[in-house]
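Understanding the architecture of this molecule
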Amino acid sequence: MRCPPRLGRAGGLAGHNNGTIAYSTSRVLDVRAGNNASVGGLVGVNLGQGMILASGSTSRAQGGAYSNVGGVAGENAGTINTGMAWGSVAGGNYSNLGGIAGVNHANAKIEHSTASGPVIGAYNCSVNGSYCYTSTGATLGGLAGVNFGAINYSIAASKIDYR
């Protein structure tokens, strides 16, 4: 499986992070982007030198087709330690959707993290989730939609809903 770089980046705190985000929370209601995007409740992309420590998001993260969408980061190439995601994650056709990260890249780490918001294989969802358009070919996971790195000591307590 190939995960090409995404064109747009959207996050509740930062579009991309190559530094440190510590002890922070995003309470932005919706973080949305169109097709070919990396969308995260906290950051769109956490780059190789990026560290997310004891931080989380209650935001609803949603991307269009061919997007990477996660409750904390759309893509993680760095480290997420004690990440927390309470908001929902949704995406369009052929998207990678995960409670913490849509894609956890090689050499990336997710540790001591918890995802409890629903991961939904649908897009253009209403605020209460009463209607959505079903996604085709999406990959869903409680912690990561696609994992090439390491996931340790983490909990997925979310609903996985491929409509």
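Data block above holds the structure.
Residues numbered from 1 in each chain as written. Predicted model: local features only at pLDDT ≥ 70, side-chain atom pairs only at ≥ 80, totals over all residues. Heavy atoms only, no water.

All right, on to the environment of threonine 79 then. As for its position among the elements, threonine 79 is in strand β13 (residues 79–81). Taking the relative accessible area as the measure of exposure, threonine 79 reaches 17% and is therefore buried. Separated by 32 residues in sequence, threonine 79 and leucine 47 have C-alpha atoms that sit 8.7 Å apart. Sequence-distant contacts of threonine 79, that is, excluding residues within four places in its chain, are made with Asn46, Gly50, Met51, Ile52 and Lys109. (Helix = DSSP H or I, 4+ residues; strand = E, 2+ residues; numbered from the N terminus. Buried < 20%, exposed > 50% of the residue type's maximum accessible area, 1.4 Å probe, protein only. Contact = heavy atoms within 4.5 Å.)

Once that is clear, we can look at the packing of aromatic side chains. With the rule as written, the count across this model stands at one aromatic pair. Consider the rings of tyrosine 66 and tyrosine 94, whose centres lie 5.4 Å apart with planes at 20°: the pair is stacked. Taken together, the residues tyrosine 66 in the loop between β10 (60–63) and β11 (68–70) and tyrosine 94 in the loop between β15 (89–91) and β16 (96–98) connect sequence positions 28 residues apart. Given a relative accessible area of 44%, tyrosine 66 falls into the partly exposed group. (Phe/Tyr/Trp six-rings, centres within 6.5 Å; stacked < 30°, edge-to-face > 60°.)

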